[in-house]
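Summary of the model geometry
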There are 2 protein chains.
Amino acid sequence: MRRIDLASAGFLLLEKRETPMHVGGINLFTLPEDADEQEFLTSLRTLLRESTEFRKPFGEYVVTGKSGLFWEKDEHIDMDYHVRHSALPSPGRYRELFALASRLHTTLLDRTRPLWELHIIEGLQNRQFAVYNKIHHAAIDGVGAMHITQAMCSEEPDGSPSYAPYSREAYEVYKQARFGNAPRSADPSKRDLRNVLEALKQQYDSSINLATAMRRFGLAFVGRSGNLAVPWHNVPKTSINTRVSGARRFVAQTFAFDRVKAVCKAMDATVNDIVLAMCAGALRRYLLSRDELPLHSLKAMAPVSLREEGDVDSSNAIGFITADMATNVYDPEKRLRTIQESMRAGKDLLRELSPAEGALFMQLTQLPALLTSILGLGSKFPAFSTVVSNVPGPRKPLYWQGARLDGIYPASIVFDGFAMNITLVSYHDQLDFGIVACRRSMPQIQRIIDHLEDSLAELEIVAGISGSGPRASDNRRGSRTPTKGKARTIGKAKTRAKVKTKATTKTKAKAPAKSTTAAKTKATAKAKTKTKTQAKRPVRKAAVKPKLGTPDR
Amino acid sequence: MRRIDLASAGFLLLEKRETPMHVGGINLFTLPEDADEQEFLTSLRTLLRESTEFRKPFGEYVVTGKSGLFWEKDEHIDMDYHVRHSALPSPGRYRELFALASRLHTTLLDRTRPLWELHIIEGLQNRQFAVYNKIHHAAIDGVGAMHITQAMCSEEPDGSPSYAPYSREAYEVYKQARFGNAPRSADPSKRDLRNVLEALKQQYDSSINLATAMRRFGLAFVGRSGNLAVPWHNVPKTSINTRVSGARRFVAQTFAFDRVKAVCKAMDATVNDIVLAMCAGALRRYLLSRDELPLHSLKAMAPVSLREEGDVDSSNAIGFITADMATNVYDPEKRLRTIQESMRAGKDLLRELSPAEGALFMQLTQLPALLTSILGLGSKFPAFSTVVSNVPGPRKPLYWQGARLDGIYPASIVFDGFAMNITLVSYHDQLDFGIVACRRSMPQIQRIIDHLEDSLAELEIVAGISGSGPRASDNRRGSRTPTKGKARTIGKAKTRAKVKTKATTKTKAKAPAKSTTAAKTKATAKAKTKTKTQAKRPVRKAAVKPKLGTPDR
């Protein structure tokens, strides 16, 4: 038996049938050139099912002891249960893949077994196949999941490690190759803070940093801490911030990393800043199209890793920064700057803390979120508006038993109070977005994918990268951007029309309006038409690889 | 809002993540001769998704009111969520179908939506396709499910009703066609007993029958009520009677109805008696092969319909008789007679009661089961050993939009205390068995299917129908029974050897035994070998149609 640390146990305690607490996603592969699909997938399944030794806690299940939750070894692990073979109905487009992933991501993991499932999915077009992973968040966080993907794959097309992704062997080989014999996280007790009280005791002598941080955090609630955004404070209520139902929708899309990097360079911002700005723009567009853009800005929970370099072992080593998404700001550049400042303030707060202090700070400041969630008040007092999680992934193209890894599309958690989660992975020359939402509160998350593209294009204009590109409407008809890093653009006029209206009349667009709101009415009508024709619309030819984004409906 | 009656509400209240309370199963079809698979399945999906008016409660979801649970109309029903399209991975055998059905039957229904899912499954061999249904037991019982299957199908190969199975139209047309304007269940208040107290009040004046029944029920616990078997009393503990985990295994098999009928006639027994005897023989074989046959007989819960003729409306109108399965009786005929007597005693008890009194009696006598289940004591004090549910199905071959219905394989519920459920449907000239078990406690339910065949063959010998058939071992090598109604037989010698040993030494077979237990040791060894070689064994050529029963492993 091993005690489950508090951060991980939280995900077990918070789990309800409407809010499963597993993470995972779709890894997309292309079969090796000469491989027979059936033979190849059968050999993968055999490889996966033959594991007998697992990295922790993939061979363990949860038991409730007197003093908390523990991992206990499963002596009769049923690999046929964990490793599954599924298929897509024809025609086997991404649309069918997303529909299946949505269903698989909806159901709870079996608590009487090790908390993971792996599905090999056949039936995709163009010699692709997919792997859907589902792992309880108590067992892994985003960075940990990336370590696993990297451990199972090889940078060589003909590399074929003889171990399964969750095996102890994969873990040992990977750790050795990547971090060698360097001292890993110095003091295990620092990583594994059992509970707040014990941690407070440990920290007693060095708690000056922590006290300062707590004080600044508190001041933010009364608006006296500069640009620091904090949970709960002025978090508006939108349709994204409701109680969630038990079913999910999953969609995914790839963006060229070069496009984002070019904007970063021109705007003097980090990748994470630009990603948050893309999401902020997309959220603003989504809420505008639904006539529910709130006066207060949306706040995003942006997880940051508290992992020390070389720590492959921790299940959960994450902290959270609250990003002010500036969704109430019309100007894209000003919006970006506001986001940047709030992120900088959040990072400054964490930077002064040691990893252990950081973990403790997170526990203290997240405690109220735990409480509102347990009390079922998450939708009444949302701590955040949404989650935008940026996970650094492999920097080189990877291969699994010779099959090229085409994309890593993460699927994460939603819960009462925020019905949508945007997680992305940087992989080689692409940014792979995976969006999960409550199926009932957000029936049209496919539109967020479209808005992300619009939002990136807008940032490119601001950055002066493609100021005079074709209008969005031209682009819809199929004009193609041949070079990577260049993007289709959206007509500035359209954006302005929408926003100007908002500024003059304050979002309430249901009643038909006269002269001044004419532009808005048009914009709304356009949005509605778009929704209806979405399914039929010709596939957009953006510079993405592979082409994802077919709606899950 | 409509109040949910107590019997149905029980299934909602008892539900946990380890014990979902939905029923359903696989309906197997063959595509019409000239149909294109994709076109045909697409048109089915469209037909199903276009429903807007539903029979109750298929358009309603559960809300918790102050005085109990209620059905409330779902104004935004998401048909893409309920009607799903799935596929089997190649090679698309029944083995893959059972694996998928096992997974689908494992997961909980979403409580925030109408409590049903329907999956159209493509990818089977021989132009077959399957429909997996999943409906909460609060919404339907076995007989009700049969009404739905019959309502959606036609007896004419070219009949193609233009409504979906759960539509209000299907329900109205079917009710009219089958029962015309005959007065349906006379007094709705009699069917819908709200709670025990209210019912007691109603029954106050006519409660003599009930008091007599309760008294006899009570006497059975002290062995003074003849052949009446009652729950809890002398229910042995076996590996079937444990706490269940959250995952299921599903297997199915068809038996020729004529074979069972022939035994009925020869033995002067009902179909249900013979079915119970088949199950009893199978259970005895299963437990013997695991060296855990208990001294006390297993008890089976045999649901009986309390529906009045023409009642298509009730969600749950079931009572339960406790059948003494006589698993401790060596002689197959004596075993059958013991089962018959206990069923007769149970029926006599119910016969004296009016349907309303019957329902009340059920509520009173099942109350302790509800309590042990809620208290989590179901596995410590099992009320029954297993469930054997015999649902009368359509008597003529049916077609759905021209596709022939090849079989109706039900999948029901297991819970703490009984980890296996055997449900069967009589359809035309076949008996379709569907067995659901906890995946962890009963890893080899495929063997129950084999044992059912052995057990039926044994009864045929007793009935003198095929007394001198080939030995089981010969049969294994592939000798075939060409005519329907004739069966492969099992060597009597083998059965004797096993049982004689038991009689002399009382089952404890782990230590190697000397002279007298030699036969047993051999039998055990044989059983073990059988387990190991099961997967490789050539498919048995019994007179079944279609051939099911490939193990789900």
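Read on for an overview of the structure. Please read these numbers as outputs of a predicted model, since none were measured by experiment. (Residues numbered from 1 in each chain as written. Chains lettered and ligands numbered in written order. Predicted model: local features only at pLDDT ≥ 70, side-chain atom pairs only at ≥ 80, totals over all residues. Heavy atoms only, no water.)

**Some words on the relation of the copies chain B and chain A**
Note on the identical chains: chain B maps onto chain A by a rotation of 180 degrees and an axial translation of 0.0 Å, with an RMSD of 0.0 Å. Read as a symmetry element, the transformation amounts to a two-fold axis. Judged by C-alpha distance, Ala87 of chain B is the residue of chain B that lies nearest the rotation axis, at 2.6 Å. A high fraction, 97%, of the interface residues of chain B reappear at the interface in chain A, so the copies pair face to face through one surface. (Least-squares fit on C-alpha atoms with pLDDT ≥ 70 in both. Contact = heavy atoms within 4.5 Å.)

**Things to note about the side chain of Thr19 of chain A**
Here Thr19 of chain A lies in the loop between helix 1 (6–13) and strand 2 (22–30). Here Thr19 of chain A is in contact with Leu14, Val244, Arg248, Val414, Phe415 and Asp416 of chain A, once residues within four sequence places are set aside. (Helix = DSSP H or I, 4+ residues; strand = E, 2+ residues; numbered from the N terminus.)

**Looking at the pairing of strand 11 (residues 386–392) of chain A**
Residue and element names in this part refer to chain A. Across the 7 residues that make up strand 11, a large majority, 5, are buried. Pairing of strand 11 with strand 14 (residues 420–427) involves 6 bridges; the strand directions are parallel. Within strand 14, the position partnered with Ser389 by the bridge is Thr423. (Buried < 20%, exposed > 50% of the residue type's maximum accessible area, 1.4 Å probe, protein only. Pairing = 2+ DSSP bridges.)

**Some points on the interface of chain B and chain A**
Taken together, the contact between chain B and chain A spans 32 residues of the former and 31 residues of the latter. Both faces combined, the contact of chain B with chain A buries some 2700 Å², and carbon together with sulfur accounts for 42% of it. Looking only at chain B, the three residues that lose the most surface to chain A are Arg17, Arg103 and Arg440 of chain B, adding up to 25% of its buried area. Counting the contacts that link chain B with chain A gives 8 salt bridges. Between Arg249 of chain B and Asp78 of chain A there is a salt bridge, with the nearest N and O atoms lying 3.7 Å from each other. Elements with a contribution of two residues or more to the side of chain B that touches chain A: helix 3 (79–82) and strand 5 (83–87) of chain B. When its residues are assigned to classes, the side of chain B that touches chain A shows 7 nonpolar, 9 polar and 16 charged. (Buried area = accessible area lost by both parts, 1.4 Å probe. Salt bridge = Lys/Arg side-chain N within 4 Å of Asp/Glu carboxyl O. Nonpolar A, V, L, I, M, F, W, Y, C, P; charged D, E, K, R; others polar.)

**Here we look at the pattern of salt bridges**
Within the structure shown, the criterion is met by 46 salt bridges over all chains. For Arg49 of chain A, the salt bridge is made with Asp80 of chain A, and the minimal N-O distance between the two is 3.5 Å. Linking Arg49 of chain A in helix 2 (residues 37–49) with Asp80 of chain A in helix 3 (residues 79–82), this pair joins segments that are 31 residues apart in sequence. Residue classification places Arg49 of chain A among the partly exposed positions, given a relative accessible area of 26%. Asp78 of chain B is the partner of Arg439 of chain A in a salt bridge, and the nearest nitrogen-oxygen pair spans 2.8 Å.

**A few points about the packing of helix 11 (residues 271–289) of chain B against helix 14 (residues 446–462) of chain B**
All names here are of chain B. In contact at an axis separation of 8 Å, helix 11 and helix 14 are set at 120 degrees when each is read in the N-to-C sense. By the angle class used here, helix 11 and helix 14 are oblique. Our pair here, helix 11 against helix 14, has a crossing hand that is right-handed. Contacts from Ile274, Ala277, Met278, Cys279, Gly281, Ala282, Arg285, Tyr286 and Ser289 in helix 11 reach Arg447, Ile448, His451, Leu452, Asp454, Ser455, Leu456, Glu458 and Leu459 in helix 14. Split by residue class, the contact of helix 11 with helix 14 holds 10 nonpolar, 4 polar and 4 charged. (Axes fitted to C-alpha atoms, helices over the stretch in contact; angles between N-to-C directions. Parallel < 35°, antiparallel > 145°, perpendicular 65-115°, else oblique. Left-handed = near helix turned anticlockwise from the far one by under 90°.)

**A short note on the sheet that holds strand 3 (residues 60–65) of chain A**
All names here are of chain A. With antiparallel pairing, the 3 strands of this open sheet are ordered in space as 1-4-3. With one partner strand each, in any of the chains shown, strand 1 (2–3) and strand 3 form the two edges of the open sheet. In terms of strand pairing, strand 3 meets strand 4 (residues 68–73) through 6 bridges, oriented antiparallel. Along strand 4, the bridge assignment pairs Gly65 with Gly68.

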